[in-house]
Amino acid sequence: MRRISKLTRVAVGVASLALAATACGGTSSDNGDSGGSSKQDRGLAIAYDIGGKGDQSFNDAAYSGLQKAQKEFGYKTADVEPTEGETDADKEQRLASLARQGYNPVIGVGFAYGPAMKAVASKYPDTTFGIVDSVVEGDNVASLVFAEEQASYLAGVAAAKATKTNTVGFVGGVDIPLIHKFEAGYKQGVQDTNPKVKVISQYLTQTAEEGGFSSPDKGKAAAEGQIEKNADVIYQAAGLSGQGVIEAAAKAKVWAIGVDSDQYKQEALAGYKDFILTSALKDVGGAVYALAKSVHDDKPLTGTQVFDLKVDGVGLSESNPKMNEIEGLKEAVAKAKEGIIDGSIKVKTE
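Conventions used here
- Residues numbered from 1 in each chain as written.
- Predicted model: local features only at pLDDT ≥ 70, side-chain atom pairs only at ≥ 80, totals over all residues.
- Heavy atoms only, no water.
- Axes fitted to C-alpha atoms, helices over the stretch in contact; angles between N-to-C directions.
- Helix = DSSP H or I, 4+ residues; strand = E, 2+ residues; numbered from the N terminus.
- Parallel < 35°, antiparallel > 145°, perpendicular 65-115°, else oblique.
- Left-handed = near helix turned anticlockwise from the far one by under 90°.
- Contact = heavy atoms within 4.5 Å.
- Nonpolar A, V, L, I, M, F, W, Y, C, P; charged D, E, K, R; others polar.
- Buried < 20%, exposed > 50% of the residue type's maximum accessible area, 1.4 Å probe, protein only.
- Pairing = 2+ DSSP bridges.
- Right-handed = clockwise from strand over helix to strand, strands pointing away.

Visitor: Where do I start with the packing of helix α7 (residues 216-228) against helix α8 (residues 242-252) in this structure?
Guide: A pair of packed helices is captured by two measures, namely the crossing angle of their axes and the spacing between those axes. At a closest axis distance of 6 Å, the pairing of α7 and α8 adopts a crossing angle of 40°. Looking at the two axes, α7 sits oblique to α8. At the point where α7 passes α8, the crossing takes the right-handed sense. Where α7 approaches α8, its residues P216, G219, K220, A223, E224 and I227 are matched on the opposing element by G244, V245, E247, A248, A249 and A252. In terms of residue class, the contact of α7 with α8 is built from 7 nonpolar, 2 polar and 3 charged.

Visitor: I'm lost on the pairing of strand β6 (residues 167-174) in this one. Help?
Guide: Working note: regular strand, side chains alternate between the two faces of the sheet. Burial of β6 is extensive: 8 of the 8 residues sit out of reach of the surface. Inspection of the sheet shows β6 paired to strand β7 (residues 198-205) by 7 bridges, in the parallel sense. From the neighbouring strand, G172 faces β7, where its bridge partner is Y203. In this fold, β6 hands off to helix α6 (residues 177-193), which returns the chain to β7; that crossover is right-handed. Inspection of the sheet shows β6 paired to strand β8 (residues 233-237) by 4 bridges, in the parallel sense. In the sheet register, V171 faces β8, and the bridge partner there is Q236.

Laid out in structure tokens, this is it:
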């Protein structure tokens, strides 16, 4: 695996502020035509994952990176929504269409774009492609992957410090290896902090097509079930479905832990913010911006680019001031972060 480039380290640090940006819902494409509409003027394009823009999480984090690139480079951008029940062939057509129009780079947001990107990238060798949360081999492909387990470990530390019932929950959107990383890190963080705390885990669906990442009602029902079992802190890694988890937690006046974006700051979740203890962050926006900047500078990133705690590619938000009221929480999180970075804490991915 390639080591993360110096450019990526710098860009992620600069772009970390972009995660605070809030994206509105809906479908959009071809934004900010400040440089005209000719092919050579077109810059970054992103194709969203399930849930689309407005999920207050993963996709919105990617959009914040597009906004930053658009503002800084002043070029034409595009962001394209998925369609319900789409196939790999549909994704191939979307990526190919963006490349033909002259967008560069073209980024698929989510592991589901893996097969499509593998099929398309070689056909457009002059275009740099990026994929979030998956590794695709190709001379013109940058695989933007994250140490989700590290941020989740910190979330587990926070949960173990915050619980009063010694029971906490985890809700995963889909039962797949990527989400297993979130669960594994969270459980380890909880148990390393307080072995007496029980972790209840539940996955909403077996496949993404069943709506595990796009069904707030499923998330709400799962959280309500865990609350009935005495869970008073629930961490969700479920995309749009996570909004239902947060809603259920707020209604029951227990803690929720957000994911990917700082969900305490999300406008659509403002009514529940007092019960969002923290969020496990993935700087997807920073990764998107880093790839866009590399192409803009004529030094396109390729290969596997890893975003971890060492480069602030993942982390834990501290926006909710109530974190300061929980004895030892912030100190324990800081100590755990130091241990992960210096290697004295090895976080599991399974």
